[in-house]
Structure formats: C-alpha cells, structure tokens
Amino acid sequence: MSNASMEALQPSLQPQPGAPDNWKRFFTFSTDHKVIGIQYIVTAFVFFLFAGLLAMVMRGELLTPEADLVDRTVYNGLFTMHGTLMLFMWTFPMLNGLANYLVPLMIGARDMAFPRLNAAAFWLVPVFGVILTASFFVPGGPSQSGWWAYPPVSLQNPTGNLINGQSLWILAVALSGISSIMGAVNIVTTIFRMRAPGMGWFKMPVFCWTVLAAQLIQLFGLPALTAGAVMLLFDLTVGTSFFNPELGGDPVLYQHFFWFYSHPAVYVIILPIFGVFSEIFPVYARKPLFGYPVVAVSSLVITGLSGIVWVHHMFASGTPGWMRMLFMFTTMTISIPTGIKVFAWVATVWGGKIRLNTPMLFALGGLIMWVFAGITGIMLASAPFDIHVNNTYFVVGHFHYVIYGAVVMGFYAAIYHWFPKMTGRMYYEGLGKLHFVLTFIGANLNFFPMHPAGLMGMPRRVASYDPEFAFWNVLASLGGFLLGVSTIPFLLNMLSSWARGPEAGDNPWRAIGLEWLVSSPPPHENFDEIPVVVSRPYGYGSDEPLIANASEKE
Amino acid sequence: MFYQRWFKQRWILVVIGLAIADTLLSIWIGQQSYRWLPPQASAESMLVDDLFCLMTTIGSLIFFGVVGTLIYSMIFQRAPKYDTSDGPPIEGNLKLEVIWTVVPSIVIVGVAFASYQTYDGMKILGDIGPKALGMATANAAPMTTEVVKTDPIEVRARQWAWEFYYPEQAVSSTELHLPVNQRANLKLSSEDVLHGFFVPAFRIKQDIIPGREIDFEFTPIREGRYRLRDSDYSGTYFAANQSVVVVESEADYQDWLAIAAAQSPTPAQNRAYREYQRSRQNPNGGGWATVEPAAPPVVNYASSDEESYE
Ligand code: HEM
Ligand SMILES: [Cu+2]
C-alpha cells in the first residue's frame, strides 16, 4: 500500500477526554479496556520478575550436584511456586492483557462487551497473586507438590494445619479459574457481537481468531480443572477420598482431570502468540499474510484437537497400552495444523522487504525456537520414546523452548510492536536490540542443555543430581543468569521511553489495521465513528483501502 | 530468453543442492543421536534408540530446512535503507499449501506407525490391549533369548527408599539384581505416594501407583551396574531416592541370591533418613515442614549408597 493512501486513512487527532497520561487511572477500577489491558500487562510483568528470581535461586542450587544452597524443602517450594506463578500470574494475565488491549481496537469496537465484568476479572488477579505470595509466610511454607499438585503428595500435610501452603495454592488456582472464565466469556462475546460493520469472519485479523480459539478452550477446559481442584481441596481439608488411595480413592483420576484442562491450556498460551506472529510478519516483511484463511481456521482446528490429546502427559502413568497408543495418534495429528502455520509464516517472510527492528527480531527468534520446540514435541508424542524422557529434563527443555522461546519472545515482540500505540512514544531501538540478543542467547543457553541432560536420564524436580549431569547444568545456569540480566535493558527502555521517548505518531510502522487508524494512545472510546471495513486485513502491496468511511473524512 | 532460462535452471540446481546438503547433515545428526543416550543395556533400549534416530533425522531435516530459509530471508531479502515500498502482494498459493499439508501428514503417519511398532515390540506392560481396537499385533515374538517364567520380583517404593523382594528365595535387598538376557518380571507397588521406576540405560519407566500392583517387564542384555531413579516426584527427598540395578550372568545371579539368603536382615543405609536426622539435629538449616522419611529398610542385602554405576 502506498504511503499516500495510508495517510489518507488516518483520522485527525481527537480530543482525548480520558487523559491517557494520567497514571492514577491505572490504580482504579477502570472499565476502559485499554487501561485494563495495561493493568494486566504490568501486573503480570511484576510477577514475571518475581518468579524469575525464584528460578535463579533454583539455577544457583543446580550449579553443583549436591543440595547445598537451599534446603530440599525450600527447593521444592521454589519450583512449585515458580511454575505456578509463571503460568497463573504471568502467562495467562499477560495474554489477557494483550487480548484486552488489542481485540476491541482490532475489530472496531468501543470497548469490551461487559466492561465491569472485565474490570472484576482483572482485579481478581492481584488477589490470588497476594494469596500465592502469602503462602510463603504460613507455617510449613508454600505448596511443595509441583504445579501439577498430584495427590497423594499434595494431600500429605506435614503441618497438620487447615490453612497451609497447599490449601492456599488450591484457593488461588480456583480463583484464577474463575477470573479466566469471566475473561473468556467477555472476550468471546466481544468477538462474536461487536465487530465493526463489514468485518466478516474472514476480514478479522488472525490475532482475534487465535484469541477466540484460545478463549473457547478456557470455556470447555476450566470446568474440569476447577472440579479437580475442588475435589482435591475436599480431600485435603475435610477428608473425602476422591483421590486418596488410603481411603480407596484413585490418584490417576486426578491426573485425568488435571490434564484434560492443562494440555489444552498450553494452547490457550501459544495460540495468541501464533496470532502475534501473524500480525507482525506481514508488517515488517511488507507482504500479506500467506494463506490467511487457512491460518485463521487452523486455530479452531487446534482448539478442537487440543481436547482429545491430554493422556500424552500420562504415557508413563497408570495407563494401559491401548490408551497410550490411541493418544499417541491423536497427539501427532495436532502437529499438522501447527505445521501449516509455520510454513505460512515462512512464506510470508520469504521475498519480502524485511526490516529487522526489535519486534521483528523477537518474532523471528520466537519462530525459530518454536520450530525446535515443535519437533521435540512430536518426539514426546511418540509414546515409546516419551517413556524414556518422561519426567526428565528433556520435557523441561521442550516446554521452555515453547514458553520462553516462543511465548515470552512473542510477548516481547508484541510489546515493542504496540508500545507506540499504547503510550504514544517510541522505544529506543538500540536497547531493544541489545535486549533481543541477550534474551536469545540466554534462552538457548539455558534451555538447550536440558535436552542432553534429559536424554542421559536426569529427572526433573531434583535439588541434587549425579555428577555426570553437572556440565549441562552449569551451562544452563549461566544461561539462566543471562536471562535475568536481559530484563535490565528492557525495563530501562520501557520506563525511560514511556516517560520521555520521542513522539511516535499514530502509525510509525505504516501498518495496516484498525488499531493504527486511531491516535496514539487511542482516545477513550477508541473510535469517534465506527469504521466500515471493506478489505481483508493484510493488504500490503495493494492499494485497496481498509475501511470505507475514511474517504468521506478527507 | 536464454539468460532467464539459464538463471531459472541454476536456481533449481541450487535448491536441489541445498536439499541434498540438508539431508546429508540430518542423516549425520541422526547417527550421532545414539551417543547422546546412556549405554544400551536392554533389548528395549535398542528399539527406542532406533526410533529416536529416525525422529532426530526427520526433525533435523525440517529444522534446518525451515530455519535455513528464514535466515536466508533475514540476510538477503532486507529492505534497502530508504526503500519504503511494499513486497509483492502474494496472498497464497493453493498448490504449495496442499503440498505442505499432505507431505507432513504422510510423514507424521509414518512416525506414528514406527512408534507403534516400537511400543508393540517392547511389551513392557505385556500386550497392548483390547484387540477389539483392531490394531494388528503381528510381530508378537518375544525378544527374550530364553523364557523362564518365575514369580515376579516385588519392587516396593516408599518415601524414600527402594526395596526389592525375591519371593522364591525370600530375599530382600536395596539393590536390584537381574540375570542378563532373561525377561525380568517385576511387580511394582508403592506404600505411600506416586513414585517412578526409571532405569535410563534400559530406556524404560513406569509410574508406581499406590493402591495398585503393576506388572512390568523388560530384558537386560548387558552386564553392569546401572542407575535406578525415582522419576515421579515424591516429595522432599525425591532427588535422593536412587538405587542401582546389577545385571550379571546367571551363575553370578544365583550366587548372589544364595549369599543374600544366608545373611540375616540388617538396616540398610538410607540417604533420606540420614539427611533428615541431620537436619533435626540442626534445626536452623532453614527448611520447611516435611513428611518424615520411613526408617531405613531392613534387608538381607544392603548396598551402600556410595557405590558406582554406569
Ligand atoms: C507440536 C506441538 C506439541 C506437541 C506434539 C507436544 C507434545 C508434548 C508432550 C507429549 C508432552 C508430555 C511430555 C511428558 O511429560 O513426558 C509435552 C509436555 C509439555 N508441553 Fe508440549 N507439545 C507441543 C506443543 C506445546 C505447546 C504449544 C506448549 C505451550 C505453550 C507446550 C507446553 C508443554 C508443557 C508446559 C509441557 C510439560 C507440562 C509439565 O510436565 O509440566 N507444548 N508436550
Ligand atoms: Cu500436552
């Protein structure tokens, strides 16, 4: 699209009644989806730093084979809280923040469908964040049963107290589930009901498709997790026997409840990142998203498949052979829609006019690490191989390539890409690139060595290990510390740019999309006049206008 | 035009050349994959390692193909500094999209099939199960060189010790002795929480579920001492809950059974128990509450936990 027509699309700056630079709004019960979006993102990032600090203590412990830096109980509490905080206080809130901020802008809505519900869902996040943090200070310390909380270990309560780390953990996870269901109802309704005129399904940006696909998973999966959590809480506190083998319960039943949600949950996490990739590659390669309709629909295919594969987390558990084989086959199919997306991104980038600025670097780095993770994922789907590496560091390496490599890198890509829109300011490119280099090296140095360690037979969740694993662990620890360092240029960049970065303008990337047609930061209700969409979302290289009413305004 | 045709042909040659290079590199990496794993000490390990080699080869092919393409773009397809024009408005290509759906699907079905064959050959839980599912179990020939049916050795897991009980000789031990080249039959049980029976050199693993007895089998094929680890997180001293498997000749095995049977039971060394006692004497270690470890097992044959393994 030529520059001239791009500029013609930009409405004149609106007066901004919401005074976006008034920082106090971020501490109130605001119902503006943009405020809530930033509240989510900032809250999540604080917990990311906290959980990252816990991880660095763990990496410190793993520098040497002996359990010497912290007590074993402390180590076990650390990895439990690290995993829990990273998932429930960082990834999920961060994704909800992005979805909150971007979806209404991208579909041409003035706000979410239920603004009060939206604010309520957000304010639950600090509540369960505080509960989880407080569990460090109750007698007996936080939960030490891992983020799966498998019984019977999670039912063993050495303090004998009713209020203990484990019961607080269950309470927090249940609240998190409620908050996520509230968010999911809101987002799904918004996407179904509030798209601007003309925005048919196949004119909707892929990010919105992926958010929809992800939130549908929350709606069907979370009830199972919540049911499992409530039964676990009853077993723990009032002595019921759903999962307690001493009283005739079945601990494997809990695993089914847990993974019926928690496998799909990994797709709740990755799908919106697929959306971020799909938004970013066209902008910085200046080409339309290759195979847009297929990329969009494959998100929903993944949603469907993600509901029938959970037993691949139980290949070495008390599952019979036929069940292992059945779920091996279903799991393998999920790599097909995923592969289609990867090839589509590569084809989007191929032959483009590529600009390697920070968002693009993070997106490309994230894609490369995702390809690696997808390949180890298929290996894990192969039951006979998984039996060797199940519960070893190989699995830990796999999912950190996904969750750090693709998801965290995707988050960073998104933050840099939409930072000018959110704040009206430009970040500093040099610091951004430094941040990328440190993150990319740190993540690979941290998580690659976990694969050989796992292949050699190093179990996960260990405070001490046999000396043969020391070499890979030292490398991983160095990578871990580097990742800690990598957040410094990011924080510096964000804080100083937000305070006094150069003015960004409404559309610094010359990107196509409704969010780029409004001022930066967008006015209180986003659109003065709701736009009428007439084209597909990624019209790079062609001269069609995105919306109809722009011409009238000229 | 002549030049154009020449250019196009050269382009195809370059692509073919790169594809061959990618294939050769991937085959080489696949061959390396055997060296990333512990020694092959069971019949199952040979099957699993071949499967891993296959998946590593295919995985490398995909990884270097995709990432190589991306890196080529990143280096050679950059926009010149002041060029603000767009790239070509290509929205898709049906032929290409069909290819990259169908070919990976075939590859995936192949990998799934090879995995099925491998699992079926291992038979660690006996046969795969309901034939009603219609799954063929053609190569049902057992891999053992000779089949000797004996009572299964009982594997008793607890927080945090392993105890092995040989019912025919009434021998208990804290290390697991097995005769080489014979199908090992184990009965896995747990007295408290989930544990996992994991011997990396055998490539086998099975969670142990309290309240159930799980029949588990495999065939050791190489004499030596191997690490046995608890693989399913079992609480405070989980990491210390390790033992050894000794694979020895039939004669040595019988000798060991006889010697063990002649010894009267004594308490074994136990790392979890020892560490726990030490932390009780020094309560300022900074730990949180823990489940108390079971007393060290009282057994006919107690191995010291400092002993070596491969
Ligand atoms: C090609 C797609 C993928 C396949 C085939 C796949 C396969 C698997 C399998 C079979 C396991 C279980 C391994 C074991 O515990 O023994 C696993 C673990 C895991 N995967 Fe993936 N995966 C894929 C993509 C993803 C994605 C997209 C995410 C997250 C965004 C993810 C996150 C995880 C996590 C968190 C675990 C470990 C859970 C835990 O044990 O704590 N994976 N994966
Ligand atoms: Cu999964």
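Residues numbered from 1 in each chain as written. Chains lettered and ligands numbered in written order. Predicted model: local features only at pLDDT ≥ 70, side-chain atom pairs only at ≥ 80, totals over all residues. Heavy atoms only, no water.

### Describing the site of ligand 1
Residues and elements named next belong to chain A.
Okay, step 1: If you check the shell around ligand 1, you find 22 residues, and the closest are Trp147, Asp386, Asn390, His398 and Arg460.
Okay, step 2: A distance of 2.6 Å is found between an oxygen atom of ligand 1 and a side-chain nitrogen or oxygen belonging to Asp386.
Okay, step 3: In this structure, Arg460 approaches ligand 1 through a side-chain N or O atom, which is 2.7 Å from an oxygen atom.
Okay, step 4: Secondary structure elements with two or more residues in the shell around ligand 1: α7 (251-285), α11 (358-381) and α13 (393-423).
Okay, step 5: Classifying every residue of the shell around ligand 1 gives 13 nonpolar, seven polar and two charged. (Near = heavy atom within 4 Å. Polar contact = N/O pair within 3.5 Å; in protein donor to acceptor, adjacent residues only side chain to side chain. Helix = DSSP H or I, 4+ residues; strand = E, 2+ residues; numbered from the N terminus. Nonpolar A, V, L, I, M, F, W, Y, C, P; charged D, E, K, R; others polar.)

### Some details on the interface of chain B and chain A
Okay, step 1: Listed as interface residues are 92 residues of chain B and, on the opposing side, 99 residues of chain A.
Okay, step 2: Both faces combined, the contact of chain B with chain A buries some 8,100 Å², and carbon together with sulfur accounts for 68% of it.
Okay, step 3: In terms of surface lost to chain A, no three residues of chain B exceed Trp100, Tyr233 and Trp288 of chain B, which account for 11% of the buried area on that side.
Okay, step 4: In this assembly, chain B and chain A are joined by eight salt bridges.
Okay, step 5: At the junction of chain B with chain A, the criterion picks out 34 residue pairs in polar contact (both at pLDDT 80 or more).
Okay, step 6: Listing elements by their share of the side of chain B that touches chain A, those giving two or more residues are α2 (43-76), α3 (94-122), β7 (204-208), β9 (224-230) and α5 (271-281) of chain B. (Contact = heavy atoms within 4.5 Å. Buried area = accessible area lost by both parts, 1.4 Å probe. Salt bridge = Lys/Arg side-chain N within 4 Å of Asp/Glu carboxyl O.)

### Let's talk about the side chain of His400 of chain A
Residue and element names in this part refer to chain A.
Okay, step 1: Counting through the fold element by element, His400 comes out in helix α13.
Okay, step 2: Judged by its relative accessible area of 16%, His400 is buried.
Okay, step 3: When near neighbours in sequence (up to four residues on either side) are disregarded, His400 contacts His82, Gly405 and Phe447. (Buried < 20%, exposed > 50% of the residue type's maximum accessible area, 1.4 Å probe, protein only.)

### Here's the deal with the domain arrangement of chain B
Residues and elements named next belong to chain B.
Okay, step 1: Split by domain assignment, chain B resolves into domain 1 (1-75 + 105-122) and domain 2 (153-299).
Okay, step 2: The centre of domain 1, based on its C-alpha atoms, is set 39 Å off from the matching centre of domain 2.
Okay, step 3: Listed as interface residues are 13 residues of domain 1 and, on the opposing side, 12 residues of domain 2.
Okay, step 4: Counting the surface lost from both domain 1 and domain 2, the interface buries some 990 Å², and carbon and sulfur atoms represent 59% of this.
Okay, step 5: Interface area lost by domain 1 to domain 2 is led by Pro39, Ala41 and Glu44, which between them contribute 45%.
Okay, step 6: In this assembly, domain 1 and domain 2 are joined by two salt bridges.
Okay, step 7: Note that Asp49 and Arg203 form a salt bridge whose closest N and O atoms lie 2.8 Å from each other.
Okay, step 8: One can count 10 residue pairs in polar contact (both at pLDDT 80 or more) joining domain 1 with domain 2.
Okay, step 9: No other element matches α2, which puts six residues into the side of domain 1 that touches domain 2. (Domains from an automatic or database assignment.)

### Examining helix α10 (residues 335-349) of chain A
Residue and element names in this part refer to chain A.
Okay, step 1: Compared with an ideal rise of 1.5 Å per residue, which puts 15 residues at 21 Å, α10 spans 21 Å between its outermost C-alpha atoms and is within 8% of the ideal.
Okay, step 2: Judged by how many residues are buried, α10 sits mostly within the fold: 14 of 15 residues are covered.
Okay, step 3: One or two residues past the end of α10 sits Gly351, with phi positive at roughly 75°. (Expected span 1.5 Å × (residues − 1).)

### Re the pattern of salt bridges
Okay, step 1: The full count for this structure, using the stated rule, is 22 salt bridges over all chains.
Okay, step 2: Put simply, Arg286 of chain A and Asp86 of chain B hold a salt bridge, and the shortest N to O gap is 2.9 Å. Of this pair, Arg286 of chain A sits in the loop between α7 and α8 (292-306) while Asp86 of chain B sits in the loop between α2 and α3, which puts the two residues in different chains. This pair shows no difference in class: Arg286 of chain A is buried, exactly as Asp86 of chain B is.
Okay, step 3: Residues Lys187 of chain B and Asp215 of chain B are paired through a salt bridge, measuring 3.1 Å at the closest nitrogen-oxygen approach. Here Lys187 of chain B is found in strand β5 (residues 184-190), whereas its partner Asp215 of chain B is found in strand β8 (residues 214-218), with 28 residues between them in sequence.
Okay, step 4: Sharing partners across several salt bridges, the network here consists of Glu154, Arg156, Arg158, Glu163 and Glu191 of chain B.

### Regarding the side chain of His312 of chain A
Residues and elements named next belong to chain A.
Okay, step 1: With respect to the helices and strands, His312 occurs in the loop between α8 and α9 (321-333).
Okay, step 2: Classification of His312 as buried rests on a relative accessible area of 13%.
Okay, step 3: Only 3.0 Å separates the side chain of His312 from the side chain of His313, close enough to count as a polar contact.
Okay, step 4: A polar atom in the side chain of His312 sits 2.9 Å from the side chain of Thr331.
Okay, step 5: If sequence neighbours within four positions are ignored, His312 has contacts with His263, Phe327, Thr331 and Asp386.

### Some remarks on the UniProt feature "transmembrane region" (unreviewed entry) in chain B
All names here are of chain B.
Okay, step 1: Under the local residue numbering, the UniProt record ascribes the feature "transmembrane region" (unreviewed entry) to residues 12-31, 51-75 and 96-116.
Okay, step 2: Here residues 51-75 is 100% helix and 0% strand, with 36 Å between the C-alpha atoms at its ends.
Okay, step 3: In the segment residues 96-116, helix accounts for 100% and strand for 0%; the C-alpha atoms at its two ends are 30 Å apart. (UniProt positions renumbered as here; feature names shortened; annotations may be inferred.)

### Some words on the coordination of the iron atom of ligand 1
Residue and element names in this part refer to chain A.
Okay, step 1: One donor from the polypeptide reaches the iron atom of ligand 1: His398 (NE2), at 2.2 Å.
Okay, step 2: Here the iron atom of ligand 1 and the copper ion (ligand 2) are spaced 4.8 Å apart.
Okay, step 3: You can see His398 is positioned in helix α13. (Donors = N, O, S within 2.8 Å, 3.2 Å for Na, K, Ca; no water.)

### So, the coordination of the copper ion (ligand 2)
All names here are of chain A.
Okay, step 1: Distances from the copper ion (ligand 2) to its protein donors, His263 (ND1), His312 (NE2) and His313 (NE2), fall at 1.8 to 2.0 Å.
Okay, step 2: Here the donor residues for the copper ion (ligand 2) map to a single chain with the spacing H-x48-H-H.
Okay, step 3: The exposure class of His313 is partly exposed, given its relative accessible area of 25%.

### Some points on the nonpolar core
Okay, step 1: Ranked by internal contacts, the top residues of the largest apolar core, which has 252 residues, are Phe385 of chain A together with Leu176, Phe197 and Phe202 of chain B.
Okay, step 2: The next biggest cluster of nonpolar side chains, apart from the first, holds five residues, and it includes Ile336, Ile340 and Ala347 of chain A together with Trp100 of chain B. (Core = buried A, V, L, I, M, F, W, Y, C linked by side-chain atoms within 4.5 Å.)

### Observations regarding the environment of Gly424 of chain A
Residue and element names in this part refer to chain A.
Okay, step 1: Considering the arrangement of structural elements, one finds Gly424 in the loop between α13 and α14 (429-447).
Okay, step 2: Gly424 sits in the buried class, given a relative accessible area of 5%.
Okay, step 3: Those residues within four positions of Gly424 in sequence are excluded, and the remaining contacts are Phe419, Pro502, Glu503, Ala504, Gly505, Ser520 and Pro521.

### Examining the sheet that holds strand β10 (residues 242-248) of chain B
Residue and element names in this part refer to chain B.
Okay, step 1: Pairing is mixed in the open sheet, where five strands are placed in the order β4-β10-β9-β6-β7. Strand pairing shows two members of the sheet lacking a second neighbour, β4 (176-179) and β7, which therefore form its edges. With strand direction ignored, the average angle separating the axes of adjacent strands in the sheet is 25°.
Okay, step 2: Of the pairings in the sheet, the one linking β4 to β10 comprises four bridges and is parallel in character. (Pairing = 2+ DSSP bridges. Axes fitted to C-alpha atoms, helices over the stretch in contact; angles between N-to-C directions.)

### Section: the packing of aromatic side chains
Okay, step 1: Under the counting rule described, the total for this entry stands at 70 aromatic pairs over all chains.
Okay, step 2: Pairing Phe243 of chain A with Tyr254 of chain A gives two aromatic rings, centres 5.3 Å apart and planes at 75°, and the pair type is edge-to-face. Taken as a pair, Phe243 of chain A in the loop between α6 (206-237) and α7 and Tyr254 of chain A in helix α7 lie far apart in primary sequence, 11 residues in all. One exposure class covers both Phe243 of chain A and Tyr254 of chain A, and it is buried.
Okay, step 3: In this structure, Arg195 of chain A packs its charged tip against the face of Trp201 of chain A, placed 3.8 Å from the ring centre.
Okay, step 4: Its guanidinium or amino end placed over the ring of Phe198 of chain B, Lys205 of chain B lies 3.8 Å from that ring's centre, counting from NZ or CZ. (Phe/Tyr/Trp six-rings, centres within 6.5 Å; stacked < 30°, edge-to-face > 60°. Lys NZ or Arg CZ within 6 Å of the ring centre and 35° of its normal.)

### Things to note about unusual backbone geometry
Okay, step 1: In this model, Pro151 of chain A is joined to Pro152 of chain A through a cis peptide bond whose omega is 0°.
Okay, step 2: Relative to the assigned elements, Pro152 of chain A resides in the loop between α4 (115-134) and α5 (165-193).
Okay, step 3: With an omega of -10°, the peptide bond between Ser520 of chain A and Pro521 of chain A qualifies as cis.
Okay, step 4: Tracing the backbone through its elements, the reader meets Pro521 of chain A in the loop between α16 (470-500) and α17 (550-553).
Okay, step 5: Positive phi, normally seen in glycine, also occurs at Asn181 of chain B, with a value near 60°.

### Here's the deal with the packing of α4 of chain A against α5 of chain A
All names here are of chain A.
Okay, step 1: With their axes 9 Å apart at the nearest point, α4 and α5 run at an angle of 165° to one another. Considered as vectors, α4 and α5 are oriented roughly antiparallel to each other. Our pair here, α4 against α5, has a crossing hand that is left-handed. Only Leu168, Trp169, Leu171, Ala172, Leu175, Ser176, Ile178, Ser179, Met182, Gly183 and Asn186 of α5 make contact with α4, whose side of the interface consists of Leu117, Asn118, Ala120, Ala121, Leu124, Val125, Val127, Phe128, Ile131 and Leu132. (Parallel < 35°, antiparallel > 145°, perpendicular 65-115°, else oblique. Left-handed = near helix turned anticlockwise from the far one by under 90°.)

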